[in-house]
Amino acid sequence: MCLALATDAPAYDFELTGVARSGERVSSTPFSYPAWLRLLTPEPLPVSMANQAVAIARLCEADEVVKKGLAMLQDAHSLMAVQSVAPVSAFVLISLFRAIELVSDHMAQGWREDHREGLEEAQGNVAVDLCRELSTLDIPNSAANPRARAAAVAAVVAAAKSIEKLREAYQADEIRRAARLLAISDDECSIALEMNSVRNRVAHPGREDAKTLLRLTQPGAVSTMSPGERAARAFVNAYVARLQKPG
């Protein structure tokens, strides 16, 4: 991943388990399947890019954010290896977003402290409203009153969703602030914000949007890198560049 970041190129991890002649029948399993590999014309690796890869590797030893960010990108690539044979797009997205979240949380530490009380107060207001609503229901006798029991469950679910939205908005503000500090492009910031919203839905079966997941985690027709990976790399790379600035 160090070299992939330094060269802004795809990172391919594969194991050659066999070779078949064109037209030859081969057998496969869900985790060992035939695929075509196109070898591109090799190009010389500039010394500057090789040096940058070494510098990133050294930063991994000195900075936990770089170390963990690269590990999360590598986790995503490991999952991409089986993405075509298993429904793992959600886990790919979560791994990529964790890298964005890691960098954003670190860059917005001061902002987090300044706004923590506001988030806690807003969440507290939701809890107060829930308690008030539940107090109007005949909870002790709910076994004999199915309507009251259903209303209580609905109120708890609605409160949980409200808190989830508050946290999503809080994380989105962190991402925007980190993007400004790191000079992340508007396009990549928008992708990160969409990933933040989708990440909160994929944790709940039935709520994820399969089309959105595929769009964010799979390369397009003219791209070798998915939008999600491009955004995750942008945040990690920008953080690395910030560390490398003199002074």
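In case you missed it, the structure is sitting above this.
First things first, this report covers the structure right here in the doc. (Residues numbered from 1 in each chain as written. Predicted model: local features only at pLDDT ≥ 70, side-chain atom pairs only at ≥ 80, totals over all residues. Heavy atoms only, no water.)

1. Some remarks on the overall build of the chain
Note the threshold: Secondary structure elements are defined from DSSP: runs of H or I of at least 4 residues count as helices, runs of E of at least 2 residues count as strands, and each element is numbered from the N terminus. Exposed residues in this analysis have more than 50% of their type's maximum accessible area, buried residues have under 20%, and partly exposed residues fall in between, with area computed by a 1.4 Å probe over protein chains only. By definition, residues are in contact when any of their heavy atoms lie within 4.5 Å.
When helices and strands are counted, the chain shows nine helices and zero strands. Shown N-terminal to C-terminal, the secondary structure of the chain runs as helices and strands in the order α-α-α-α-α-α-α-α-α. Relative to its full complement of 247 residues, the chain shows a buried share of 34%. Restricting to contacts in the chain with at least 6 residues of sequence separation, those with at least 24 account for 72%.

2. Focus on helix H5 (residues 109–135)
To keep it simple, the criterion reads: The span expected for a helix works out to 1.5 Å for each residue beyond the first.
Here H5 contains 27 residues, and its C-alpha end-to-end distance of 38 Å stays within 8% of the 39 Å for a straight helix at 1.5 Å per residue. Within H5 the residues assigned to the buried category are Trp111, Leu119, Gln123, Val126 and Leu130. On its buried side, H5 packs onto helix H6 (146–182).

3. Here's the deal with helix H2 (residues 47–62)
The condition that has to hold: What the arc describes is the spread of directions from the helix axis to the C-beta atoms.
For H2, which comprises 16 residues, the first-to-last C-alpha distance of 23 Å matches the rise-based estimate of 22 Å (1.5 Å per residue) to within 8%. If you check which residues of H2 are buried, you get Ala53, Ile56, Leu59 and Cys60. All buried residues of H2 lie within an arc of 120 degrees about the axis, which places them on one face of the element. The exposed residues of H2 that point more than 90 degrees off its buried face are Val47, Ser48, Arg58, Glu61 and Ala62. In this structure, the buried side of H2 is in contact with helix H1 (2–7), helix H3 (64–80) and helix H9 (227–244).

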